[in-house]
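# Summary of structural features
Letter by letter, the chains look like this.
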Amino acid sequence: MRSATSSIPTQQQPTGGAGATKKKMNGYVGFSNFPNQEHRRSVKRGFNFTLMVVGESGLGKSTLVNTLFESKVYPAKESDDGLGLAGSAARNGSSGTAEAQKRTVEITSVSADIQENGVKLRLSVVDTPGFGDSINNENAWRPILENIESRFDAYLAQENRVNRSKIVDNRVNALLYFIKPTGHSLRAVDIEFMKQLHTRVNLIPVIAKSDTLTPREVEQFKARVLADINYHGIHIFKPVSDQYDDPETIADNKAIAAKIPFAVVGSEKLVQRPDGTRVRGRQYPWGIIEVENETHNDFVSLRQMLLRTHMEELRDETDVSLYESYRTQKLLALGHVQDNGVFREFNPRLQQEEEERLHAAKMTKLEAEMSAVFRQKVQEKEEKLKKSEEELYSRHKHMKAGMEKQRRDLEDKKAAVAPPGPLPTHSAVHLDGAPRMPSKDKKKRGFF
């Protein structure tokens with residue numbers, strides 16, 4: 001039996017690099033069917049998707065999630081009048097102020113198994129009740145960041161186990177941040193939250209309850225929000241295109257990116273239009289806001305990006321970029337150092353040349369250091385000798401001056417002791433100045 005390589009002729013085409021060469025097959029092999037195999041395996045196993053929603057109470061987070069997935073992911077809330085904390089404060093009087101002061105951020109999670117056309121989705125929605133509801137929201141982002149990082153830590157711990165056959169992935173794949181429709185710009189709490197979390201999660205800003213603004217106000221508010229995001233260097237998730245995308249996909253991605261931040265309206269109720277058809281929307285005295293009407297809001301574009309076209313990209317961005325960045329920082333903080341040399345191909349000649357180069361560089365460095373030390377020693381010795389010479393010269397000068405003074409003193413004393421006038425002639429004086437004594441050997445002269 002002949003091998004597949006020998007039975008099918010190939011045309012070898014060199015690639016510019018020194019690695020593998022690119023080959024063009026002249027016949028059908030079958031590995032192009034791999035995406036279909038991957039599709040069948042994915043459908044069989046199902047998907048996991050974790051969505052986090054963050055925003056103040058009363059912005060319609062639960063309603064929007066239920067509208068996105070066309071199911072009751074969140075159960076109906078009792079006595080929910082849509083007023084949120086403000087309505088509760090109005091009902092309870094002064095107790096609302098005390099509640100706002102004591103309100104803390106909580107983390108709750110709701111899971112649901114959803115199936116569509118045979119594809120199973122394990123959906124987990126993480127809610128953050130209490131965010132932005134306190135009077136002091138300075139550190140309201142901290143519990144949310146700790147929750148996201150704890151999910152990364154749990155996944156990292158599972159990766160380091162001996163048996164990794166059953167790894168549960170509950171990392172947050174996307175975060176919908178609900179912006180209050182003030183019509184002005186981002187508040188300090190919004191900016192601080194996004195600055196702290198944009199490196200840990202795929203951030204998707206959403207303008208909640210956009211039906212409270214006019215179309216012109218929505219466009220102006222979007223421009224201000226994007227200006228604040230760009231000014232503070234906040235990274236948000238945007239669909240991008242590559243060389244493998246067709247023109248239609250590229251156009252869709254550009255259209256979706258142009259609508260960020262998404263101005264959305266959520267509704268779980270069906271209302272009747274004047275023509276008798278029933279649509280999902282909100283009924284007002286002046287007309288109907290349709291949820292799935294792209295001229296009314298950006299709900300369709302948000303659902304298109306989040307669920308239909310970029311769900312796998314959100315999961316991949318979380319796994320490849322966000323989690324890997326956190327994992328690297330975590331391991332480096334624990335003292336783990338990676339030797340990148342183990343991933344290079346081994347070539348003895350190149351390794352020998354590299355070692356020789358490193359040795360030559362080391363010797364050059366040592367020679368330079370020794371030369372510097374020698375010059376320093378010589379300089380120190382010269383300075384020491386110069387200092388000693390100066391000390392000796394100073395002492396010599398001092399001693400010479402002392403001796404000169406002593407000589408002058410002696411001459412002064414000599415001049416003071418010597419008598420005035422000429423010396424006597426009968427006195428025999430030696431050349432050295434001492435008187436000559438008469439000799440005893442001469443005969444005494446006298447009368448006898």
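Source: prediction; values computed, not measured. (Residues numbered from 1 in each chain as written. Predicted model: local features only at pLDDT ≥ 70, side-chain atom pairs only at ≥ 80, totals over all residues. Heavy atoms only, no water.)

## Some remarks on the overall build of the chain
Defined as follows: In this text, helices come from DSSP runs of H or I with a minimum length of four residues, and strands from runs of E with a minimum of two, each type numbered from the N-terminal end. Here the term buried applies to any residue with accessible area under 20% of the maximum for its type, exposed to any over 50%, and partly exposed to those in between, with areas from a 1.4 Å probe on protein chains only. Only heavy atoms enter the contact rule, under which two residues are in contact if any of them lie within 4.5 Å.
Summing up its helical and strand segments, the chain has 12 helices and 11 strands in all. Relative to its full complement of 448 residues, the chain shows a buried share of 29%. Sequence separation of at least 24 residues holds for 66% of the intrachain contacts in the chain that already meet a minimum separation of 6.

## Regarding the sheet that holds strand 9 (residues 270-272)
Sheet strands pair via backbone hydrogen bonds, and the direction of the pair is either parallel or antiparallel. The cut-off we apply is this: At least two DSSP bridges between two strands are needed for those strands to be called paired. Fitting a line to C-alpha atoms yields each axis, with helices limited to the stretch in contact; the angle taken between N-to-C directions then spans 0 to 180 degrees.
Strand order in the open sheet made by the 3 strands is 9-10-11, with antiparallel pairing throughout. Across the chains shown, the open sheet's two edge strands, defined by having one partner strand only, are strand 9 and strand 11 (287-290). Adjacent strand axes in the sheet meet at a mean angle of 65° when their direction is disregarded. Where strand 10 (residues 278-284) lies against strand 11, 4 bridges are found, and the strand directions are antiparallel. The residue bridging arginine 282 from the neighbouring strand is isoleucine 289, located in strand 11.

## Some remarks on helix 2 (residues 34-45)
Residues lying three or four places apart along an α-helix face the same way, a consequence of the helix completing one turn every 3.6 residues. We count it as follows: Expected helix span is given by 1.5 Å per residue-to-residue step, counting one fewer step than there are residues.
Relative to the 16 Å expected for 12 residues at 1.5 Å per residue, helix 2 spans 17 Å between its end C-alpha atoms, a close match to the ideal helical length. Of the residues trailing helix 2, glycine 46 is marked for its positive phi of about 85°.

## Details of the environment of phenylalanine 47
When you line up the elements, phenylalanine 47 lands in strand 3 (residues 47-54). The exposure class of phenylalanine 47 is partly exposed, given its relative accessible area of 24%. For phenylalanine 47 and leucine 123, which are 76 residues apart along the polypeptide, the C-alpha to C-alpha distance reads 8.3 Å. Contacts of phenylalanine 47, omitting those with residues within four sequence positions, involve Ser42, Val119, Lys120, Leu121, Arg122 and Arg315.

## Some points on the nonpolar core
For clarity, the cut-off: As used in this record, nonpolar core signifies buried Ala, Val, Leu, Ile, Met, Phe, Trp, Tyr and Cys residues forming a set joined through side-chain atoms within 4.5 Å.
Of all hydrophobic cores here, the largest spans 68 residues; its most connected members are Leu175, Leu176, Phe193 and Ile204. When near neighbours in sequence (up to four residues on either side) are disregarded, leucine 175 contacts Met52, Val54, Ile148, Phe193, Leu197, Val201, Asn202, Leu203 and Ile204.

## Some words on the packing of aromatic side chains
Filter applied, for reference: Each aromatic pair joins two rings of Phe, Tyr and Trp (for Trp, the six-membered one) with centres within 6.5 Å, and gets the label stacked for planes under 30 degrees apart, edge-to-face for over 60, and tilted for any other angle. We count a charge as sitting over a ring when the NZ of a lysine or the CZ of an arginine lies within 6 Å of the ring centre and within 35 degrees of the ring normal.
Across all of its chains, the model carries 7 aromatic pairs by this definition. Their ring planes at 90° and their centres at 5.2 Å tell us that tyrosine 155 and tyrosine 323 sit as a pair that is edge-to-face. Taken together, the positions of tyrosine 155 in helix 6 (residues 142-159) and tyrosine 323 in helix 11 (residues 311-333) put the pair 168 residues apart, joining distant regions of the chain. One exposure class covers both tyrosine 155 and tyrosine 323, and it is buried. Among the aromatic residues, ring-to-ring pairing joins Phe152, Tyr155, Tyr323 and Tyr326 into one connected group. The cationic tip of arginine 171 hangs over the ring face of tyrosine 155; the distance from NZ or CZ to the ring centre is 3.8 Å. Of note, arginine 171 hangs over the ring of tyrosine 323, and the distance from its end group to the ring centre comes to 4.8 Å.

## What about the confidence of the model for the chain?
Counted only if it meets this: pLDDT is a residue-level measure of predictor confidence that goes from 0 to 100.
Considering every residue of the chain, the mean pLDDT works out to 81; 80% of them sit at 70 or more. The low-confidence segment residues 1-10 (pLDDT under 50) makes 10 contacts with residues lying over four places distant or belonging to another chain. Predicted confidence for residues 427-431 stays below pLDDT 50, and this span has 8 contacts to residues more than four positions away or in other chains.

## Notes on the side chain of aspartate 228
Inclusion rule: Positive charges are assigned to Lys and Arg, negative charges to Asp and Glu, while His and the chain termini are left out of the count. Salt bridges are counted wherever a side-chain nitrogen of Lys or Arg sits within 4 Å of a carboxyl oxygen of Asp or Glu.
Of note, aspartate 228 is situated in helix 8 (residues 215-231). There is no salt bridge for the buried aspartate 228, and the closest opposite charge comes from arginine 224, which lies 8.0 Å off by N-O distance.

## So, the pairing of strand 7 (residues 203-207)
With 5 of 5 residues buried, strand 7 is to be regarded as a mostly interior element. Where burial is concerned, the two faces of strand 7 agree: the one with Leu203, Pro205 and Ile207 and the one with Ile204 and Val206 are both buried. Pairing between strand 6 (residues 174-179) and strand 7: 5 bridges, direction parallel. In the sheet register, phenylalanine 178 faces strand 7, and the bridge partner there is valine 206. As defined by bridge partners, strand 7 adjoins strand 8 (residues 262-263) across 2 bridges and the pair is classed as parallel. Within strand 8, the position partnered with isoleucine 207 by the bridge is alanine 263.

## Observations regarding unusual backbone geometry
Cis peptide bonds are those with omega within 30 degrees of zero, and the linkage from isoleucine 260 to proline 261 qualifies with 0°. When you line up the elements, proline 261 lands in the loop between helix 9 (247-257) and strand 8. Phi at asparagine 117 takes a positive value of approximately 55°, unusual for a residue other than glycine. Accessibility expressed as a relative area gives 78% for asparagine 117, which makes it exposed. Located in the positive-phi region is lysine 209, a residue other than glycine, with phi close to 50°.

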